[in-house]
Amino acid sequence: MLAVEGGAPIRAGRAWPVWPQYDAGTERELLAALRSSRWSVSWYAPAGGKSRERRFAAEFARYTGAAYGVSVDHGSSALVIALEALGVGPGDEVIVPALTWVAPATAVLRVGALPVLVDVDRGTGCVTADHVRGALSERTRAVIAVHLACTAARVDELAALAGETGVALIEDCSQAHGTRWNGRALGTFGDIGVFSLGAAKTLAAGEAGAAVTDDPALYRRMLMLRADSRGYLADAPRPGEYELVEDCEIMGGNYCMSELTAGVLLDQLPRLDAQHAHRAVRAGELEAGLAARPGLSAIPVPAQVDRRAVYEYGIRFEPGVFGAAPVERVAAALTAELGTKVYPPRPPLHRSALLRPRTKARFARIWDGADTSERTFAGADHYREHTLLLHHSVLLGERGDIDDLLAALDKVRAAYRPRGAAPEQEVAV
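What comes next concerns the included structure. (Residues numbered from 1 in each chain as written. Predicted model: local features only at pLDDT ≥ 70, side-chain atom pairs only at ≥ 80, totals over all residues. Heavy atoms only, no water.)

**Some points on the overall build of the protein chain**
Okay, so step 1: Looking only at helices and strands, the protein chain has 13 helices and 16 strands in total.
Okay, so step 2: Here the protein chain has a C-alpha radius of gyration of 23 Å; the compact-globule value for 429 residues is 22 Å, and the two agree.
Okay, so step 3: Its C-alpha atoms put the protein chain at 75 × 55 × 40 Å along the principal axes.
Okay, so step 4: A separation of at least 24 residues holds for 73% of the contacts in the protein chain among residues at least 6 apart in sequence.
Okay, so step 5: For the protein chain, the accessible area works out to roughly 17800 Å², and carbon and sulfur atoms hold 51% of it.
Okay, so step 6: Counting 47 positive and 52 negative side-chain charges, the protein chain places the centres of these two groups 3 Å from one another. (Helix = DSSP H or I, 4+ residues; strand = E, 2+ residues; numbered from the N terminus. Rg over C-alpha atoms; globule rule 2.2 N^0.38 Å. Contact = heavy atoms within 4.5 Å. Areas by Shrake-Rupley, 256 points an atom, 1.4 Å probe, with all protein chains shown as cover. Lys, Arg positive; Asp, Glu negative; His and termini not counted. Charge placed at Lys NZ, Arg CZ, Asp CG, Glu CD.)

**Examining the packing of helix α1 (residues 24-35) against helix α8 (residues 259-268)**
Okay, so step 1: α8 packs onto α1 with a crossing angle of 150° between their chain directions and a minimal axis gap of 8 Å. If you check the angle between α1 and α8, you find them roughly antiparallel. For the pair α1 and α8, the crossing hand works out as right-handed. Across the interface between the two elements, Gly25, Thr26, Glu29, Leu30, Ala33 and Leu34 from α1 touch Glu259, Leu260, Gly263, Val264, Asp267 and Gln268 from α8.
Okay, so step 2: Partitioning the contact of α1 with α8 into residue classes produces five nonpolar, four polar and three charged. (Axes fitted to C-alpha atoms, helices over the stretch in contact; angles between N-to-C directions. Parallel < 35°, antiparallel > 145°, perpendicular 65-115°, else oblique. Left-handed = near helix turned anticlockwise from the far one by under 90°. Nonpolar A, V, L, I, M, F, W, Y, C, P; charged D, E, K, R; others polar.)

**Focus: the pairing of strand β5 (residues 168-172)**
Okay, so step 1: Within β5, five of the five residues are buried, leaving the element largely enclosed by the surrounding structure.
Okay, so step 2: Going residue by residue along β5, you find Ala168, Ile170 and Asp172 tucked away on one face and Leu169 and Glu171 tucked away on the opposite face as well.
Okay, so step 3: The pairing of strand β4 (residues 140-146) with β5 spans five bridges and is classified as parallel. Each bridged residue has a counterpart across the sheet, and for Ile144 the counterpart in β5 is Ile170.
Okay, so step 4: Between β4 and its parallel partner β5, the chain crosses via helix α6 (residues 155-165), and the hand of that crossover is right-handed.
Okay, so step 5: Inspection of the sheet shows β5 paired to strand β8 (residues 192-196) by three bridges, in the parallel sense. Residue pairing in the sheet places Glu171 in a bridge with Gly193 of β8. (Buried < 20%, exposed > 50% of the residue type's maximum accessible area, 1.4 Å probe, protein only. Pairing = 2+ DSSP bridges. Right-handed = clockwise from strand over helix to strand, strands pointing away.)

**Here we look at unusual backbone geometry**
Okay, so step 1: Geometrically, the link from Trp19 to Pro20 is a cis peptide bond, its omega value of 0° lying close to zero.
Okay, so step 2: Along the chain, Pro20 turns up in the segment before α1.
Okay, so step 3: One non-glycine residue, Ala149, adopts positive backbone phi at about 65°.
Okay, so step 4: Note that Ala149 resides in the loop between β4 and α6.
Okay, so step 5: Unlike most non-glycine residues, Cys248 shows phi in positive territory, near 60°.

**Some details on the packing of aromatic side chains**
Okay, so step 1: This model, assessed by the stated rule, comprises seven aromatic pairs.
Okay, so step 2: Measuring from centroid to centroid gives 4.8 Å for Trp43 and Tyr44, while their planes differ by 45°, and the two rings are tilted.
Okay, so step 3: By relative accessible area, Trp43 is classed as partly exposed at 40%.
Okay, so step 4: A connected cluster of aromatic rings, assembled from ring pairs, spans Phe56, Phe60, Tyr63 and Phe195.
Okay, so step 5: Lying across the ring of Trp16, Arg11 places its NZ or CZ 3.8 Å from the centre.
Okay, so step 6: Here the basic side chain of Arg184 rests over the ring of Phe189, its NZ or CZ set 4.2 Å away from the ring centre. (Phe/Tyr/Trp six-rings, centres within 6.5 Å; stacked < 30°, edge-to-face > 60°. Lys NZ or Arg CZ within 6 Å of the ring centre and 35° of its normal.)

**Some points on the pattern of salt bridges**
When the charged atoms of two side chains lie near each other, side chains of opposite charge can form a pair.
Okay, so step 1: Tallied over the entire structure, the rule returns 26 salt bridges.
Okay, so step 2: Between Glu243 and Arg38 there is a salt bridge whose closest N-O contact spans 2.6 Å. Taken together, the residues Glu243 in the loop between β10 (230-232) and β11 (244-246) and Arg38 in the loop between α1 and α2 (52-64) connect sequence positions 205 residues apart. Here Glu243 matches Arg38 in class, with each residue buried.
Okay, so step 3: One connected set of salt bridges, linked through shared partners, spans Glu328, Arg351, Asp381, Arg384 and Glu385. (Salt bridge = Lys/Arg side-chain N within 4 Å of Asp/Glu carboxyl O.)

Rendered as structure tokens:
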């Protein structure tokens, strides 16, 4: 009997790895920021020296191989300043994949432009150059490409299309910190790369974000856009001096990262690659197990990806593998067996309760005429209904954790197999 129906679970009494991870070193960094009396880049430097948020921005840029980095308070803010730095505004269109968190679409609305939803590849959940090409118009100013879950959009093709058409490319790498494509970090193929650094992400700091670019003009604009028209002093501030100066070339908002947050990130960033390597071992074991189970497979990863960041590990299943059970029911059964959350992807934006522009007057005026109710997004819908996700923390444990995951899949699959179907007949692929 399934655990969700009262039976004994596959895994009981054994904890999964905890996320976020921290230790005494993290506490020292946080306490040092606390005791510095400088909790914000907008406050003077009692002891002099560059702020932690400025130092983190430089370290993160170095990690990605980008020339410049900008620290912000959220990934959503990184999207806004990226769009504004590129000059996107009223009357413009920005292409956004239908399968993503709501922030890429709402960021476009926040700068006064229209998000144009496009379908995605049904296997990876990522937007492709062909999807983008079909949605281009004279009003298209930018494309936001989201590298989703545990794979990457074909960024070389997207960058080539952007170069061909003159449309700006923003890479949303909020789920791909450190993923490399032929040795080059995602986030550096487009005009700007943006990152969320929220508590669930592989580089975590509660609430935070960052943007990277190789363009000095875009960098300068993003600095002012996130700090009320202020940029940095050319050098480190002296004791008692403010680090921000009023450049005032473009009006900005206040999206600055706090010094306490930056302190945590300066501790977490050096840990990231070792965590990626650990997850890669566990992911390889899980993929080997999935390959031996007809109708189940891992989310495909392009061959050009030579280092992968896993934010949510995705398991695909063919129709009929779990009988007629919908993805929500399968996910709930697996969760009960394992004692850790297994879940389907969020509904695509064309049917998401989170994207409701008509609840705000200024967004409703932009959205009028952009109704998606009559459009089809077959790739996004298939991905949503045939994918199971696991948080990356489950891959930070031991080989036995993978055995439990595979055993739970077998148990739930057997329970939902159509009556009378032989194991080899349960999946038609």
